[in-house]
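Structural description and commentary
Given next are the chains, with one letter for each unit.
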Amino acid sequence: MSEKIYISRKCEYCHELLILLHKHKDKIKFPVIDVHSNPYPKIVTSVPCMVVNEKILPGEELFKFINYLIQKNGKPTESDNDLMPSKNIPNTNMGASHNW
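Residues numbered from 1 in each chain as written. Predicted model: local features only at pLDDT ≥ 70, side-chain atom pairs only at ≥ 80, totals over all residues. Heavy atoms only, no water.

1. Observations regarding the overall build of the chain
Note the following rule: Here a helix means four or more residues in a row that DSSP labels H or I, a strand means two or more in a row labelled E, and each is numbered from the N terminus. The buried label applies to any residue whose accessible area, calculated with a 1.4 Å probe on protein chains only, is under 20% of its type's maximum; exposed applies above 50%, and partly exposed to all values in between. By the convention used here, residues are in contact when the closest approach between their heavy atoms is within 4.5 Å. Accessible areas in this description were obtained via Shrake-Rupley with a 1.4 Å probe; residue shielding takes into account the shown protein chains only.
Secondary structure summary: the chain contains two helices and six strands in total. When the elements of the chain are put in sequence order from the N terminus, they spell out β-α-β-β-β-β-α-β. Within the chain, the fraction of its 100 residues that count as buried is 35%. The long-range fraction of contacts in the chain, counting pairs at least 24 apart against all pairs at least 6 apart in sequence, stands at 72%. Summing over all exposed atoms, the chain offers an accessible surface of approximately 6,300 Å²; the carbon and sulfur share of this is 51%.

2. Considerations on the pattern of salt bridges
We count it as follows: By salt bridge we mean one thing: a side-chain nitrogen of Lys or Arg within 4 Å of a carboxyl oxygen of Asp or Glu.
Across all of its chains, the model carries two salt bridges by this definition. In this structure, the salt-bridge partner of Glu-61 is Lys-64, at a minimum N-O distance of 3.8 Å. Taken together, the residues span about one helical turn, with Glu-61 and Lys-64 both in helix 2 (residues 59-73) at a distance of three residues. The exposure class of Lys-64 is partly exposed, given its relative accessible area of 41%.

3. Some points on the packing of helix 1 (residues 12-23) against helix 2
Put simply, the test is: Simply put, an axis is a line fit to the C-alpha atoms, just over the touching stretch for a helix, and the angle between two N-to-C directions goes from 0 to 180 degrees. Roughly parallel here means an angle under 35 degrees, roughly antiparallel means over 145, roughly perpendicular means 65 to 115, and every remaining angle is called oblique. Side-chain classes follow a simple rule in which Ala, Val, Leu, Ile, Met, Phe, Trp, Tyr, Cys and Pro form the nonpolar group, Asp, Glu, Lys and Arg form the charged group, and the remainder, Gly included, forms the polar group.
Across the interface, helix 1 lies against helix 2 with an axial gap of 12 Å and an inter-helix angle of 10 degrees. Of the possible angle classes, the one that applies to helix 1 and helix 2 is roughly parallel. Residue-level contacts link Tyr-13, Glu-16, Leu-17, Leu-20 and Leu-21 of helix 1 to Leu-62, Phe-63, Ile-66 and Ile-70 of helix 2. Class assignment for the residues of the contact of helix 1 with helix 2 results in eight nonpolar, no polar and one charged.

4. Describing the packing of aromatic side chains
Threshold: In this analysis, rings of Phe, Tyr and Trp, with Trp reduced to its six-membered ring, are considered paired at centre separations within 6.5 Å, and the interplanar angle assigns stacked below 30 degrees, edge-to-face beyond 60, and tilted for intermediate values.
Here the structure, examined in full by the defined rule, presents one aromatic pair. Judged by centre distance (6.3 Å) and plane angle (40 degrees), the ring pair of Phe-30 and Phe-65 falls under tilted. Of the two residues, Phe-30 sits in the loop between helix 1 and strand 2 (32-34) while Phe-65 sits in helix 2, which places them 35 residues apart along the sequence.

5. Structural notes on the nonpolar core
Note the threshold: Here the nonpolar core consists of buried residues drawn from Ala, Val, Leu, Ile, Met, Phe, Trp, Tyr and Cys, with membership extended through side-chain atoms lying within 4.5 Å.
Judged by nonpolar contacts, the single largest core of 22 residues is most densely connected at Ile-5, Tyr-6, Leu-17, Leu-21, Ile-28, Leu-62 and Ile-66. Put simply, the parts of the chain that give this core at least two residues each are strand 1 (4-7), helix 1, strand 4 (49-52) and helix 2.

6. Observations regarding the environment of Lys-4
Along the chain, Lys-4 falls in strand 1. Lys-4 has contacts with Pro-31, Ile-33, Cys-49, Met-50 and Val-51, leaving out every residue within four places of it along the chain.

7. Overview of the confidence of the model for the chain
Defined as follows: pLDDT expresses, on a scale from 0 to 100, how confident the predictor is about each individual residue.
When the pLDDT values of the chain are averaged, the result is 82; 73% of them are 70 or greater. The low-confidence segment residues 95-100, where pLDDT is below 50, has 12 contacts with residues more than four positions distant or belonging to other chains.

Structure, rendered in structure tokens:
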């Protein structure tokens, strides 16, 4: 599987994404990589993101994609109203210092 989700435990949007993935673990199964404890490709410059075939799916687009997969793979539940984070996700840029 070439798809991987990259997160930081220090990022509030990554926490929201992890909660969403956990709620729907029967429908969505992608490896989740914590950038603080595992190597990650240079293409990853912000979190949360997903790398698919050497292309980046950043924050808000990633939430939209996960939302789509949840709706496609099963009946919506009451908790599906809460699939998107409450605010727009800013890029949590990793920059040269990588301080997340």
